[in-house]
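What follows is the residue order along each chain.
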Amino acid sequence: MTSSAEKFGSALGKAVRATAAAWKEGQPAPVMYRTNLRDVPKVEGLKRDDGWVDMQVQFLIDKKSADADHVVGWTVLKPGARHENHRHHNCDEFFIVLKGHGMIYTDKGDTPSAEGDVVYSPRGCWHGFNNTSSEDVVLVWGWMGAGSIEASGYQVHPESHK
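Residues numbered from 1 in each chain as written. Predicted model: local features only at pLDDT ≥ 70, side-chain atom pairs only at ≥ 80, totals over all residues. Heavy atoms only, no water.

## With respect to a nonpolar patch on the surface
Note the threshold: Patches draw on residues past 30% relative accessible area with no salt bridge. Two like charges within 9 Å are joined, as are two nonpolar side chains (Val, Leu, Ile, Met, Phe, Trp, Tyr) within 5 Å. Accessible surface area values rest on a Shrake-Rupley calculation with a 1.4 Å probe, where residue burial reflects the displayed protein chains alone. What counts as a salt bridge is simple: a side-chain nitrogen of Lys or Arg found within 4 Å of a carboxyl oxygen of Asp or Glu. Every helix listed is a DSSP run of H or I at least four residues long, and every strand listed is a run of E at least two residues long, numbered separately from the N terminus. Think of it in three bands: residues with accessible area under 20% of the maximum for their type are buried, residues over 50% are exposed, and the middle band is partly exposed, with areas taken using a 1.4 Å probe on protein chains only.
Together, Phe8, Leu12 and Val16 give the surface a local cluster of nonpolar side chains, amounting to about 260 Å² of exposed area. Its location among the elements puts Phe8 in helix H1 (residues 4-24). A relative accessible area of 30% places Phe8 in the partly exposed class.

## Some details on the environment of Glu135
Put simply, the rule reads: Whether two residues are in contact is decided by their heavy atoms: any pair within 4.5 Å suffices.
On the secondary structure map, Glu135 appears in the loop between strand E7 (127-130) and strand E8 (137-144). Judged by its relative accessible area of 51%, Glu135 falls in the exposed class. Each C-alpha atom of the pair Glu135 and His88 lies 28 Å from the other, and the pair is 47 residues apart in sequence. What Glu135 contacts, discounting residues up to four positions off in sequence, is Leu77 and Pro79.

## Thoughts on the environment of Ser152
Where we set the bar: Residues adjacent in sequence count toward polar contacts only when both atoms are side-chain atoms; beyond that, a polar contact is any pair of N or O atoms within 3.5 Å, and within protein one must be able to donate a hydrogen and the other to accept it.
Its place among the elements puts Ser152 in helix H3 (residues 149-152). Sequence separation of Ser152 and Val140 is 12 residues, and the distance between their C-alpha atoms is 17 Å. With sequence-adjacent residues up to four places away left out, Ser152 is seen in contact with His88, His89, Asn90, Cys91, Trp143 and Ala146. For Ser152, the side chain forms a polar contact with the main-chain nitrogen of Tyr154, separated by 3.3 Å.

What follows is the structure, encoded as structure tokens:
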């Protein structure tokens, strides 16, 4: 059985190998992209009916900003905010709980999560996060294999907690 860490490492290794192969084929060398959290606007228009409940989301690196086939994001969930149970058909996702605690939605029910947790959800796996605490939860997260929400194959669970 493959662990989540091994799956994450495999996906990261695949991305590195693809970049190295592109260089060998004569494509121009990639250019580093750098931004600062303070310079990236919050995503507007995330709808509650689509599972985005009172979330503050920033796409730090994505197809639009860095021509990346992955997304790195930053999310702040105020007390009571949540990202409903959802999945991505076209990419894997990870998130790291940098601050706070709450509940993770899983295909086997809700489970507690706390600062320092690293969670990996392979494509097609239901997941989400609910801030059940009285303090902010801060997550850094990424989609591996999709550079935008449209490309990710995002789907909110039909029986979400709405």
